[in-house]
Amino acid sequence: IAFEKMPGTLICDSAAAALMAQGKVDAVVVGADRIADNGDTANKIGTYNLAVSCKYHGVPFFVAAPISTLDPSTAHGKDIVIEDR
């Protein structure tokens, strides 16, 4: 967003829900490590919480990812292998 000179504010994901409740969030944009053929996404810890909070508070939620994250060979998100660390 900053690279494209779009207006935005970077915050830590743990502050997002409180700011949404106060009406201070216009939209949320996250990345993705993998996108399944049906559009399901897999990303780092914290993304699911943001998506649920956005849904609850009516805040638009967007995934911005390079084309290299698209995986047409994986039908659904439940089929994405999550690495254990």
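Here's a quick rundown of the structure.

Conventions used here
- Residues numbered from 1 in each chain as written.
- Predicted model: local features only at pLDDT ≥ 70, side-chain atom pairs only at ≥ 80, totals over all residues.
- Heavy atoms only, no water.
- Helix = DSSP H or I, 4+ residues; strand = E, 2+ residues; numbered from the N terminus.
- Buried < 20%, exposed > 50% of the residue type's maximum accessible area, 1.4 Å probe, protein only.
- Pairing = 2+ DSSP bridges.
- Salt bridge = Lys/Arg side-chain N within 4 Å of Asp/Glu carboxyl O.

## A look at the overall build of the protein chain
Of regular secondary structure, the protein chain possesses 2 helices and 5 strands. The order of α-helices and β-strands along the protein chain, N terminus first, is α-β-β-β-α-β-β. Taken along the three principal axes of its C-alpha coordinates, the protein chain extends 40 × 30 × 25 Å. For the protein chain, with 85 residues in total, the buried portion stands at 22%.

## A few points about the sheet that holds strand 2 (residues 34–36)
In a beta sheet, neighbouring strands are held together by backbone hydrogen bonds and run either parallel or antiparallel to one another. On the basis of which strands lie adjacent, the open sheet formed by 3 strands has the order 3-2-5 and mixed pairing. Strands with a single pairing partner mark the edges of an open sheet, and in this sheet they are strand 3 (41–42) and strand 5 (70–71).

## With respect to the pattern of salt bridges
Evaluated as defined, the whole model comprises 2 salt bridges. Two residues, arginine 34 and aspartate 71, come together in a salt bridge whose shortest N-O distance is 3.2 Å. Of this pair, arginine 34 sits in strand 2 while aspartate 71 sits in strand 5, placing them 37 residues apart in sequence. Residue classification places arginine 34 among the partly exposed positions, given a relative accessible area of 32%. Aspartate 71 sits in the buried class, given a relative accessible area of 14%. Measuring nitrogen to oxygen at the nearest pair gives 3.5 Å for the salt bridge that ties aspartate 79 to lysine 78.

Read these as geometric descriptors, not functional statements.
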